[in-house]
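# Observations on chain architecture
The chain contents come next:
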Amino acid sequence: MGSSPTRALDRAAEAMHLVDYRAAELKQVPTRNGFGEGLIEAGSRNRDVLGICADLSESTRFEGFRKAHPQQYIEIGVSEQMLVALAGGLASVGKIPWIASYAMFNPGRSWEQVRTIMALNQTNVKIAGAHAGVSVGPDGATHQAIEDIAIMRVIPHMIVVVPCDAVQTKKATLAISEAWGPTYLRFGREKSAVITTDETPFEIGRAQTFREGSDVAIVACGILVYNALVAADRLARSGIECRVVNNHTVKPMDEVAILDAARTCGAVVTVEEHQRQAGMGSRVAEILAENEPTPIEFVGVEDRFGQSGDPAELIEHYGMGAGAIEEAVRRVLRRKKA
Amino acid sequence: MQTLTPERLTELKLKANDVRQGIIRSLLAAGSGHSAGPLDMSDVFTALYGYLLRHDPAHPDWPDRDRLLLSCGHIAPVRYSAMANFGYFPVSELLTLRKFGSRLQGHPERVSLPSVETTSGPLGEGLGQGVGMALGAKMDGQDFHVWVVTSDAEHQCGLHWEAVLTGAKFKLDNLTAIVDRNFIQIDGSTEDVMPLEPFADKYRAFNWEVFECDGNDLAEFIATAERAKLCKGKPQVIIANTVPGKGVSFMEGDYTWHGKPPNAEQADEALRELSAEREKILAHG
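Residues numbered from 1 in each chain as written. Chains lettered and ligands numbered in written order. Predicted model: local features only at pLDDT ≥ 70, side-chain atom pairs only at ≥ 80, totals over all residues.

## Focus on the overall build of chain A
Going by this rule: Per the convention used, a helix needs a DSSP run of H or I reaching at least four residues, while a strand needs a run of E reaching at least two, with both numbered from the N terminus. Every radius of gyration here is taken over C-alpha atoms, with the globule rule written as 2.2 Å times N^0.38, N being the number of residues. Once C-beta atoms are placed from the backbone, each residue is buried if 20 or more other C-beta atoms lie within 10 Å of its own, exposed if 12 or fewer, and partly exposed for counts between those two. C-beta atoms are first placed from the backbone for all residues, and any pair lying within 7 Å is then listed as a contact.
In terms of helices and strands, chain A carries 12 helices and 14 strands. Against the compact-globule benchmark of 20 Å for 338 residues, chain A has a radius of gyration of 19 Å, which places it among compact chains. Within chain A, buried positions represent 61% of all 338 residues. Residue pairs at least 24 apart in sequence account for 79% of intrachain contacts in chain A once pairs closer than 6 positions are excluded.

Have a look at this one:
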C-alpha cells in the first residue's frame, strides 16, 4: 500500500483489493481503454463475439479489436440506428454483437431501435456507450450524454452497467460478453483514476462496498466513485464516517446492498455523472421510498446541458467534484433522523 | 428446382383465397387493424410459404430455414393467415388476433410467436435486421436465404436506406427485399405524402439488383423471385406492384382502407366476393 495520510485502508477496501486511492500519484487510464482490452479478450474467448462500429473505431477503442480479430469486425459508417438493427439480425443467428458509438448517438439516436429490436425482441446485443458524461470535455454539450442512464434503465429486460475505472470496465466487458441479455455498458473518454486491481471481484448486479462507515452511505457509479472516496476520506478527518458503495450495475440494481447501506447509515448521497433526474440515484430513491424511506441527496447535473471545457473543470462546474459530494453529505446529515 | 405446374398454380390461388378469407375473419374478430395491405400481399405471402421458402412448419426453429421478415408489421394479418393456412398453427387461432393473451399481437412479436423471426411494427427496421441475418449466414457459411417484406411508405425512413447501403457494401446476394408497392399510406398516396419515384432507380443507384412485377400475379411473382435469387454479388429488391385491398372490390385502390377493419356487413360482403372468386378458380384454374 502507498503512503496513507491518516490510517491504513479499511477492511472493505482490503477485501475489495483496492489500490490506496489516497496515494498522490494514481494511475490514470480512460475507462474506454478497459473496454478495448476486454473486447479483444472476449473476441479471443468466443469467435461469435463481434464488434460493429459506426465510424468511431479509434475513439471507442475498437481499433485493437479490429486488428486482433478482423474477421469479427464490421464497419458500417455513420449510421447508429443501423448499428442496432444489424446487431439484432446478427444476434438472431447466434452472434454476440457489441455495437459502439458515443452514448449520445447510441443509444441516444437509436433509442426506439434499442427498445424494439434489443429489448422487446430480446436479442443478445451489447451496447458500448462511449464518451458518456460531461467529462467528454472540449467537444461540448452535443457530445456529452448525461441522459443515457435514464433512457436505458427504463427499458424492460435491459441490463445497465457503469463501471468505476478502466480495470473494472475490462472485467465488465468480459462478463457482459459471457452473460446472455441485452446490455448497456457506459464508459467515458477522459483518463480517470484506477482504483481497482485485477484481484477486485466483479459481478453484474452486485454492488461493492469500497469503504466502511455508518454515518452516511455514498452510493456512486462510474468514474465519480473515486471522487466519492476522496470526499469520504476528507469527511473522516472531521469525524464523519461514510460507507462508499460502488453501485456499478444500475439495472438490475442490488437492492439488498442499497437497503443495507441505508439501514446502517440512515442517510444516503448518490453520485453519478448524469442528470440528477431519472438516473442511478433516482433508482436508489425508488428502492428507498418503497422499502426504507431515508433522507437522500443527489449529486449530478442539475437539469442543464454541458459545455466545452476541461473535463476536471466541467466536473467541478456541474457540481460533481469531491467538494460537492462533501457538501451533499453534510446536507443529508442535517436531515438524518436522530 | 421445383416446377410451377398449372395444377400447383391453381392450388396456390386457392391458398391465396384462403389467406384473404382468413384476413377478413380475423380483422372482423379483432375489430381493429389494417385491411388494404394484408389483402394486397396475400399472393406474395402465399408464394413465399407455399413455394419459395425453405421451411418446415413442424420445425420452426430449423437452423437452415430461410428467414422471412415482415418489416411493415402492421400488415401482420396476412402473415398470420398465411402461417395458419400453411400449418404453423390452427386457422381458428386467427380469431384471437389483437386479443388479450393472444400470440397474434397487433404487431408481430417474436417472443410470443418465434416463427415471425423478429418483432416489428416501428417502420424501417426490418431490412437492417435482414442484413444482419444475411451477413451472419455469410460469416458462418450457412446457405439459407433471407427475405424481407417491406412497405413502400417505409422507404421514407432514413434507417431503411442505411440498411440498403449496408446490404450493398457486403454484397449480400442471399438477401431479397420485397416491396409492397401499393402507392398508399395512412395520409394518402405515397406520391402526395412524400414522393418515392423514381423508385427502382433509387435502388439501382444503391447497387442493388432491381426486379419489378405484378405482385398480385402468383406465377409472375414466383418467376421473378426465382430469377432474383439467382443473382450473384448483390442484394436484390423485387418491387411488387399491388392493388391495395386486392380481392375485395369495395376496398381496392382506396387508401382509406389502409388502417381500418371491415364491419360485420362489409366482412360478409367481402367473404361473399372471395367465395365467388374461389368458385371461379375451381372452375377455371
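Back to the text.
## Things to note about the overall build of chain B
From N to C terminus, chain B includes 10 helices and seven strands. The C-alpha atoms of chain B give a radius of gyration of 18 Å, which matches the 19 Å a tight globule of 285 residues would have. When the backbone C-alpha atoms are referred to their principal axes, chain B occupies close to 50 × 45 × 40 Å. Within chain B, the fraction of its 285 residues that count as buried is 51%. The contacts in chain B between residues at least 6 apart in sequence include a share of 77% that link residues at least 24 apart.

## Brief notes about the interface of chain A and chain B
How big an interface is tends to be reported as the loss of accessible area on association of its parts. Cut-off, in case you're wondering: Any residue outside Ala, Val, Leu, Ile, Met, Phe, Trp, Tyr, Cys, Pro, Asp, Glu, Lys and Arg is labelled polar, Gly included; the first ten of those are nonpolar and the last four are charged.
Listed by partner, the interface residues are 20 residues for chain A and 20 residues for chain B. Of all the elements in the fold, those that place two or more residues in the side of chain A that touches chain B are helix H4 (80-92) and helix H5 (111-120) of chain A. With nine residues, the single largest contributor to the side of chain A that touches chain B is H4 of chain A. Counted by class, the side of chain A that touches chain B contains nine nonpolar, nine polar and two charged residues.

## Some thoughts on the domain arrangement of chain A
Residue and element names in this part refer to chain A. Keep this limit in mind: Each domain span listed reflects an automatic or database assignment of domains.
By domain assignment, chain A separates into domain 1 (11-26 + 199-335) and domain 2 (28-193). A C-alpha centroid distance of 24 Å is found between domain 1 and domain 2. Tallying the contact residues gives 35 residues for domain 1 and 34 residues for domain 2. Elements with a contribution of two residues or more to the side of domain 1 that touches domain 2: helix H8 (224-237), strand S12 (249-251), strand S13 (268-275), helix H10 (280-291) and helix H11 (311-317). The element best represented in the side of domain 1 that touches domain 2 is S13, accounting for four residues. Residue composition of the side of domain 1 that touches domain 2, by class: 17 nonpolar, 13 polar and five charged.

## Things to note about the nonpolar core
Generally speaking, a soluble globular protein has its nonpolar side chains buried in company with each other. All names here are of chain A. Stated precisely, the cut-off is as follows: As used here, a nonpolar core is made of buried Ala, Val, Leu, Ile, Met, Phe, Trp, Tyr and Cys residues. They are joined through C-beta atoms within 7 Å.
Within the largest apolar cluster, 190 residues are counted, with the highest numbers of intra-cluster contacts made by Ile218, Val225, Ala228, Val268 and Ile325. Ranked by residues supplied to this core, first place goes to H8 with nine residues. A domain split of this core shows at least three residues from each of domain 1 (11-26 + 199-335) and domain 2 (28-193). With residues near it in sequence (within four places) discarded, Ile325 still touches Ile218, Asn227, Ala228, Ala231, Val269, Val271 and Val299.

## A few points about H8 of chain A
All names here are of chain A. We apply this condition: Working rule for helices: expected span equals 1.5 Å times residues minus one.
Helix length check: H8 (14 residues) gives 20 Å between terminal C-alpha atoms against 20 Å at 1.5 Å per residue, within 8%. In terms of residue burial, H8 counts as a mostly covered element, since 11 of its 14 residues are buried. By the burial criterion, the buried members of H8 are Leu224, Val225, Tyr226, Asn227, Ala228, Leu229, Val230, Ala231, Ala232, Asp233 and Leu235. Immediately beyond the C-terminal end of H8, within one or two residues, lies Gly239, with a positive phi of roughly 80°.

## Observations regarding the environment of Glu241 of chain A
Topologically, Glu241 of chain A is positioned in the loop between H8 and strand S11 (242-246). In this view, Glu241 of chain A contacts Gly213, Ser214, Asp215 and Ala236 of chain A; residues no more than four positions away in its chain are not counted.

## Things to note about helix H5 (residues 126-139) of chain B
For an α-helix, the turn length of 3.6 residues means that residues three or four places apart are oriented alike. Between its first and last C-alpha atoms H5 of chain B spans 20 Å; for 14 residues at 1.5 Å apiece the expected length is 20 Å, and the two agree. Within H5 of chain B, 12 of the 14 residues are buried, which leaves it mostly tucked inside the rest of the structure. Within H5 of chain B the residues assigned to the buried category are Gly126, Leu127, Gly128, Gln129, Gly130, Val131, Gly132, Met133, Ala134, Leu135, Gly136 and Ala137 of chain B. Buried residues along H5 of chain B sit in contact with H4 and H5 of chain A together with strand S1 (67-70), strand S2 (146-151), helix H6 (158-169) and strand S3 (175-181) of chain B.

## Here's the deal with the sheet that holds S2 of chain B
All names here are of chain B. The condition is simple: Think of it this way: DSSP has to see at least two bridges between two strands before they count as a pair. Each axis is a line fitted through C-alpha atoms, and for a helix only the stretch in contact is used; angles between axes span 0 to 180 degrees, taken between their N-to-C directions.
In space, the five strands of this open sheet follow the order S1-S2-S3-S7-S6, with parallel pairing throughout. Strand pairing shows two members of the sheet lacking a second neighbour, S1 and strand S6 (209-214), which therefore form its edges. This sheet shows a mean twist of 20° between the axes of neighbouring strands, independent of strand direction. With six bridges joining them, S2 and S3 adopt parallel strand pairing. By the bridge assignment, Val149 is partnered in S3 with Ile178. Packed on one face of the sheet, H5 meets S1, S2 and S3 and runs near 170° to S2.

## Some points on the pairing of S3 of chain B
Residue and element names in this part refer to chain B. Across the seven residues of S3, seven count as buried, placing the element largely inside the fold. Side chains Leu175, Ala177, Val179 and Arg181 of S3 all project onto a buried face; the interleaved residues Thr176, Ile178 and Asp180 project onto the opposite face, where all are buried too. Sheet topology note: the S3/strand S7 (residues 236-241) ladder contains six bridges and is parallel. Among the inter-strand pairings, Thr176 is bridged to a residue of S7, identified as Gln236.

## Overview of the sheet that holds strand S2 (residues 49-53) of chain A
Residues and elements named next belong to chain A. Within the open sheet, the seven strands sit side by side as S3-S2-S4-S5-S7-S6-S12. Their pairing is mixed. Edge strands, defined here as strands with exactly one partner in the open sheet, are strand S3 (73-75) and S12. Here the strands of the sheet are splayed against their neighbours by 20° on average, with no regard to which way each runs. Of the pairings in the sheet, the one linking strand S6 (residues 159-161) to S12 comprises two bridges and is antiparallel in character. The residue bridging Val160 from the neighbouring strand is Lys251, located in S12. Against the sheet, helix H2 (residues 31-45) makes contact with S2, strand S4 (96-102), strand S5 (126-130) and strand S7 (183-186), and its axis sits at roughly 135° relative to S2, the strand it touches most. Sitting on the sheet, H4 touches S2 and S4, and the angle it makes with S4 is about 175°.

## Considerations on unusual backbone geometry
Residues Asn106 of chain A and Pro107 of chain A are joined by a peptide bond in cis, for which omega reads 20°. Secondary-structure assignment places Pro107 of chain A in the loop between S4 and H5. The step from Glu197 of chain B to Pro198 of chain B runs through a cis peptide bond, and the omega angle for that step is 0°. If you trace the backbone, Pro198 of chain B turns up in the loop between helix H7 (190-193) and helix H8 (199-205). Backbone geometry places His17 of chain A, a non-glycine residue, at a positive phi of 55°. Note on placement: His17 of chain A falls in the loop between helix H1 (11-15) and strand S1 (28-30). Judged by the 12 C-beta atoms lying within 10 Å of it, His17 of chain A falls in the exposed class.

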